Amino acid sequence: MDSGSDILNRLFQMDLDEMIQKIFLYLDPLSLKNCKCVCLHWSEFIQKRLWNSKLGQKQLQNRLINQWKHSEPVISQYDRVAVEPGNEINFLVCDNEIIVCGYTRGQARVYDISTGELKFQLQCNSQRRRRRSYNDGVQLDLGKTVIGSVTDTGTVTVWDRRDGTMLYQDKHHGAHESVFGIKVTDEYVLTGAEDGSVCILERIEGNWIIKQKLYENREMITHIDADGKWAATGTRQGVKLWDLETFKLVENVNPVQVKVMMLAFSYPHAFVVGGDDWKGIQVWDLVKCVLIRQVLEDLKTFYNIHLNGRFLTVSECNTTGYEKAMCAVVVYDVSELIDTKVETKLLWKNKFEYSIGQNSEQINAVSNSTSLVVSHASKISILNFWKDRISSSGEIVNTGEDQDQVDDSYLGARGDSKD
């Protein structure tokens, strides 16, 4: 045993817990992770006095924020994540365990975030839609136990995130209604559709059923997000606030008027991007119905937006039409965006640029607690700011059967799809 370990063991013998806690909190993330592997005593101490204590959690959280804002990430990249030419990534979600890619022709794929291993594939539309050339974009969201997916042609599916078992599939907004938004929480799955309707799915006695269908809104929903008892829907006319305890639309004298491509929501704030319709990012207070700020980021238009606690990520629209053109991913600190005392020109931000692949391809960026995940040019890049692991870049090999069609074994015992 080296001298450092010997000194720490002596401190343990002397019951100098406060000093030991400070030593462990001083370590870099990778060293701290390795210390948990030394012995059971060290592992239990780190878990109890750092991860499970308020003081330890606060210091580790502050360090994580500092890493995001002031350190260079460790980057790993996985290649060949496209299913086939023309079937590109349409949507991206992740957490600390998995990455899920939704594609433009009705499929989704689930990858291990640490290894890049393809865990399983999901067919997100009905069997009659499984034609190789048929475009049917997939949007997704992740919960602790399930994955939710919706397609442009209106199929809503709930999957078991452990193995891809289908738990529910239906066109519950109507056979001919497109669905453009889904939110998965611990309590419900929320979807919004072209006809303006909102559906709430809940798991009751092991079965996913429709708890509520809301028809107060008559404007086409372009995106949806939720935060506990509140939800926000975006339309081509504005943003609307919903109370999910009373299942009512919150009426406001002054409507929030903005064309929404996509939004992120953390009550009472909505963060909105407009795609090709307008430039930058808008931040709204949906209770006061006031625009807090508009960030005109280099006069760029943004296609995708994602909120993960402290940080907001936006992805630039590919408007050039040129293969290998560069598009930006920009990360902001949410606490600064909603603070009216912070001048827009002084906002902290971190910008990354990526080349696109196909002419019409869009880049997508999301984040978990420690990493930024970006899909671009049939690749996925993972930028780890916590740097507690070293992951090698690699290539994901797609089998021939995956490229031609979805194997029925993925659906076999996972429930019957409805059309």
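The coordinates are above.
Overview of the structure. Because the structure is predicted, anything quoted here is derived from the model rather than measured. (Residues numbered from 1 in each chain as written. Predicted model: local features only at pLDDT ≥ 70, side-chain atom pairs only at ≥ 80, totals over all residues. Heavy atoms only, no water.)

## Section: helix α4 (residues 40-51)
Here α4 is 12 residues long and its end C-alpha atoms lie 15 Å apart, about the 16 Å a rise of 1.5 Å per residue gives. Among the residues of α4, those classed as buried are Trp42, Ser43, Phe45, Ile46, Arg49 and Leu50. Angular distribution of buried residues about the axis of α4 spans 165 degrees; they occupy a single face of the element. For α4, exposure combined with an orientation more than 90 degrees from the buried face picks out Leu40 and Lys48. (Helix = DSSP H or I, 4+ residues; strand = E, 2+ residues; numbered from the N terminus. Expected span 1.5 Å × (residues − 1). Buried < 20%, exposed > 50% of the residue type's maximum accessible area, 1.4 Å probe, protein only. Arc of directions from axis to C-beta.)

## Quick word on the state of the cysteines
According to the stated counting rule, one finds zero disulfides in the structure shown. There is no disulfide at Cys101, and the cysteine sulfur nearest it, in Cys94, is 9.8 Å away. (Disulfide = S-S within 2.5 Å.)

## Some points on the environment of Leu263
Its location among the elements puts Leu263 in strand β18 (residues 262-266). Separated by 10 residues in the primary sequence, Leu263 and Val273 place their C-alpha atoms 6.3 Å from one another. Setting aside chain neighbours within four positions, we find Leu263 in contact with His223, Ile224, Asp225, Ala232, Thr233, Gly234, Val239, Phe271, Val272 and Ile305. (Contact = heavy atoms within 4.5 Å.)

## Description of the pairing of strand β19 (residues 269-273)
Here β19 lies mainly inside the structure; five of its five residues are buried. Of the two faces of β19, the one holding His269, Phe271 and Val273 and the one holding Ala270 and Val272 are both buried throughout. Sheet topology note: the β18/β19 ladder contains five bridges and is antiparallel. Across the sheet, the residue bridging to Phe265 is Ala270, located in β19. Following β18, the chain reverses through two residues before pairing antiparallel with β19. With four bridges connecting them, β19 and strand β20 (residues 281-285) associate as antiparallel partners. Within the sheet, the bridge partner assigned to His269 lies in β20 and is Asp285. (Pairing = 2+ DSSP bridges.)

## Things to note about the sheet that holds β19
Ordered in space as β18-β19-β20-β21, the four strands form an open sheet in which the pairing is antiparallel. Unpaired on one side and paired on the other, β18 and β21 (290-295) mark the two borders of the sheet. Each adjacent strand pair in this sheet contributes to an overall mean axis angle of 20 degrees, direction not counted. (Axes fitted to C-alpha atoms, helices over the stretch in contact; angles between N-to-C directions.)

## Some points on unusual backbone geometry
Look at the link from Tyr267 to Pro268: it is a cis peptide, with omega at 5 degrees. For Glu205, which is not glycine, the phi torsion reads 50 degrees and is therefore positive. Residue placement: Glu205 occurs in the loop between β12 (198-204) and β13 (207-214). Of note, Phe247 is a non-glycine position whose phi angle comes to about 60 degrees, a positive value.

## Considering helix α5 (residues 54-70)
Taking 1.5 Å of rise per residue, 17 residues should cover 24 Å, and α5 covers 24 Å from first to last C-alpha, within 8% of that figure. Turning to α5, its buried residues are Gly56, Leu60, Arg63, Leu64, Ile65, Gln67, Trp68 and Lys69.

## So, the pattern of salt bridges
When the charged atoms of two side chains with opposite charge come close together, those side chains can pair. According to the stated counting rule, one finds 16 salt bridges in the structure shown. Residue Asp141 pairs with Lys183 through a salt bridge whose shortest N-O separation is 3.9 Å. Of the two residues, Asp141 is situated in strand β6 (residues 138-142) and Lys183 in strand β10 (residues 179-184); the sequence distance between them amounts to 42 residues. Just as Asp141 is buried, Lys183 falls in that class too. A salt bridge links Glu219 to Lys240; the nearest nitrogen and oxygen atoms lie 3.7 Å apart. Highlighted residues: Glu219 in the loop between β13 and β14 (221-227) and Lys240 in strand β16 (residues 239-243), separated in sequence by 21 residues. Relative accessible area serves as the criterion here: at 23%, Glu219 is assigned to the partly exposed category. (Salt bridge = Lys/Arg side-chain N within 4 Å of Asp/Glu carboxyl O.)

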